[in-house]
Amino acid sequence: MAHNADRDTPRSSMSNSTTLDYAGADMSPRGGVTSNPHAKYQSPLVSRYASQEMSFNWSELKKFTTWRRLWLYLARAEKNLGLSVTEEQIRDMEAHLTDIDFERVAVYERQCRHDVMAHVRHFGECARSASPIIHLGATSCYVGDNADLIIIRDAIDILAPRVARCIQRLAVFATEHRSLPTLGFTHYQPAQLTTVGKRACLWISDLCRDLTNIQRFRDELRFRGVKGTTGTQASFLALFDGNHDKVEILDKVVTEMAGFKDAIIVCGQTYSRKIDVELLQVLAGLGVSVHKMCTDIRLLANLKEVEEPFERDQIGSSAMPYKRNPMRSERCCALARHLMTLQGDTTATAAVQWFERSLDDSANRRIVLPESFLTADILMATLQNITEGLVVYPKVIERHIAQELPFMVTETIIMDMVKVGANRQECHEQLRVLSHQAGAMVKEEGADNDLIQRIKQSPYFKPVHDNIDSIMDSSLYIGRCPQQVNKFLSVEVKPLLKPFSHVLDEISELQL
């Protein structure tokens, strides 16, 4: 989204004289191959994955019509503050906010090597009466950086409801399965029981942090405003004959026209690139949450306990007909990694901005800012699709619990034995021996865990034989999971989702 005179040479200015022969095809324009949209690289972020809303938000049409609106805001405010701008010029600009001839702009840009001035010239052709006053007192970053901030704000307004919908879908899932026992895992080794719903709340909690951070960034985002070439507002002070109050009013009015509450008070030529760093920290954090959750789902799919949606005609493998690969979760992990890596570009760029600015941010930001939001958009659309169709297999979960629960209840058996007068240390040793015997059968023979049968057959544990079946109820070992789920969803999730209540019903239309 960056812009300036020393920007990258536009693609249209490159020589078309070289012809490459690929499989006998003439690759020059006269050969017709390059007119084929499939004959040149297209980012899959747009061509394959992202939503129409987010794709348009980062389009050239959105960007450059926003530039024109910013020029209109400036001219209108300057007119209202007494500069020589006429109502006819304002109406002329209003009438030509969207009729951009991009091929003509490309011609001008090849001539002057400056994207902003190419658009100033073309806008002046469209709104001829306004040509003398377009961009009056402004620098390139007036349209460039301010447009970036508007587009970032609008991108957040697209993204935040998508995050909210994923949270809401998971909240429904967590409520439904809040009491369903499942094996907990630490180090990916069986641990004490939790519930399917409680585990989902761990995912929700991370996403809630992300949504809070996204909303906080949105609320704190300020406009660059009307600042001039190095942020001093000197050009506008000259236009208003040294009237500081009018310069302040101009800045405030244009900021409000653009839909912002406040403008940055001090900046160089650009807004501080630390703002981009903070933005990518928020978006990369969202990538972290999605990657963790989808990795969990992939592991659960391997265990056959929980699966993402799998369509009736979906093919998991070209070679193995039985495969049910978690491709949605795998896609999320792949794209989440990409999103997380983009943060490094913003930190490196912000660190090398010399004094009031240098232009080595331009080409980098042109890629990083759109790609970060397009990737986040895809992640949320895919994650919503996953959360709307998660499938749980209670019988498989029950079987896995049955393999581990006998080991977990040994502490309860010790307590019950002590209550009837047994020696705690002797009891512990008896259970250690029996547990190792049962574990050996599981690992060496592939047999089921028969520890409970061994305990029932041991004369030592006769005092508690009648109690053993009752303590094998897995629901006794889930602690306060249902209560925690209820409280968490009520206290933290429900209030966070309230501002999004009008957009939560939208279903994810995923391009697979």
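Residues numbered from 1 in each chain as written. Predicted model: local features only at pLDDT ≥ 70, side-chain atom pairs only at ≥ 80, totals over all residues. Heavy atoms only, no water.

## Here's the deal with the overall build of the protein
Helix and strand counts for the protein stand at 19 helices and 6 strands. Residue burial in the protein is summarised as follows: out of 512 residues, 49% are buried. Within the protein, contacts between residues at least 6 apart in sequence are counted, and of these 77% link residues at least 24 apart. Just so you have it, the protein exposes about 26000 Å², and 51% of that area is on carbon and sulfur atoms. (Helix = DSSP H or I, 4+ residues; strand = E, 2+ residues; numbered from the N terminus. Buried < 20%, exposed > 50% of the residue type's maximum accessible area, 1.4 Å probe, protein only. Contact = heavy atoms within 4.5 Å. Areas by Shrake-Rupley, 256 points an atom, 1.4 Å probe, with all protein chains shown as cover.)

## A look at the nonpolar core
Membership of the largest hydrophobic core comes to 136 residues, with the highest contact counts inside it found for Trp-71, Met-93, Tyr-142, Ile-152, Leu-159, Ile-204 and Phe-373. Residue contributions to this core peak at 20 residues, all from helix 7 (residues 140-176). Filtering out sequence-adjacent residues up to four positions away, Ile-204 remains in contact with Ile-167, Leu-170, Ala-171, Ala-174, Phe-488, Leu-489 and Val-493. (Core = buried A, V, L, I, M, F, W, Y, C linked by side-chain atoms within 4.5 Å.)

## What about the pairing of strand 4 (residues 189-195)?
Here strand 3 (residues 181-186) runs beside strand 4; their pairing, made up of 6 bridges, is antiparallel. By the bridge assignment for strand 4, Pro-181 is matched with Thr-195. (Pairing = 2+ DSSP bridges.)

## Regarding the environment of Ser-129
Along the polypeptide, Ser-129 turns up in the loop between helix 6 (115-126) and helix 7. What makes Ser-129 partly exposed here is its relative accessible area of 23%. Expressed as a C-alpha distance, the spacing of Ser-129 and Glu-88, which sit 41 residues apart in the sequence, is 7.4 Å. In contact with Ser-129, other than residues within four places in its own chain, are Glu-88, Gln-89 and Asp-92.

## Describing the environment of Ala-95
Mapping Ala-95 onto the fold places it in the loop between helix 4 (87-94) and helix 5 (102-112). The exposure class of Ala-95 is exposed, given its relative accessible area of 56%. Residues Ala-95 and Ala-127, spaced 32 residues apart in sequence, show a C-alpha to C-alpha distance of 7.7 Å.

## A short note on the side chain of Lys-62
Within the fold, Lys-62 resides in helix 3 (residues 60-80). Polar side-chain contacts of Lys-62 include one of 2.5 Å to the side chain of Asn-57. For Lys-62, the residues in contact, after removing those within four places along its chain, are Phe-56, Asn-57, Ile-151 and Asp-154. (Polar contact = N/O pair within 3.5 Å; in protein donor to acceptor, adjacent residues only side chain to side chain.)

## Description of the pattern of salt bridges
Under the counting rule described, the total for this entry stands at 21 salt bridges. Among the ionic pairs, Arg-68 bridges to Asp-99, the shortest N-O distance being 3.3 Å. Residue Arg-68 is found in helix 3, and its partner Asp-99 is found in the loop between helix 4 and helix 5; the two are separated by 31 residues along the sequence. Given the relative accessible area of 35%, Asp-99 is considered partly exposed. Two residues, Arg-365 and Asp-148, come together in a salt bridge whose shortest N-O distance is 3.1 Å. Taken together, the positions of Arg-365 in helix 13 (residues 362-387) and Asp-148 in helix 7 put the pair 217 residues apart, joining distant regions of the chain. Exposure class is identical for Arg-365 and Asp-148. Each is buried. Taken together, the shared-partner salt bridges connect Asp-145, Arg-273, Arg-357 and Asp-361 into one network. (Salt bridge = Lys/Arg side-chain N within 4 Å of Asp/Glu carboxyl O.)

## A short note on a nonpolar patch on the surface
Taken together, the side chains of Phe-56, Leu-61 and Phe-102 present a nonpolar region at the surface, about 260 Å² in accessible area. Among the residues examined, Leu-61 registers a relative accessible area of 38% and is labelled partly exposed. (Patch = residues over 30% accessible without salt bridge, like charges linked within 9 Å, V, L, I, M, F, W, Y side chains within 5 Å.)

## Focus on the packing of helix 7 against helix 11 (residues 274-303)
Interaxial distance between helix 7 and helix 11 falls to 13 Å at its minimum, and their mutual angle equals 25 degrees. As judged from the angle between their axes, helix 7 and helix 11 are roughly parallel. Relative to helix 11, the crossing made by helix 7 is left-handed. Contact residues: Ile-152, Leu-159, Val-163 and Leu-170 in helix 7; Leu-279, Leu-283, Leu-286 and Met-293 in helix 11. Class assignment for the residues of the contact of helix 7 with helix 11 results in 8 nonpolar, no polar and no charged. (Axes fitted to C-alpha atoms, helices over the stretch in contact; angles between N-to-C directions. Parallel < 35°, antiparallel > 145°, perpendicular 65-115°, else oblique. Left-handed = near helix turned anticlockwise from the far one by under 90°. Nonpolar A, V, L, I, M, F, W, Y, C, P; charged D, E, K, R; others polar.)

## Digging into the packing of helix 5 against helix 6
Direction vectors running N to C along helix 5 and helix 6 enclose 135 degrees, while the axes themselves pass 8 Å from each other. For the element pair helix 5 / helix 6, the angle class is oblique. Where helix 5 crosses over helix 6, the handedness of that crossing is right-handed. Between helix 5, through Arg-104, Val-105, Tyr-108, Glu-109, Gln-111 and Cys-112, and helix 6, the contact on the second element is made entirely by Asp-115, Met-117, Ala-118, His-119, Arg-121, His-122 and Glu-125. Taken together, the residues that form the contact of helix 5 with helix 6 break down as 5 nonpolar, 3 polar and 5 charged.

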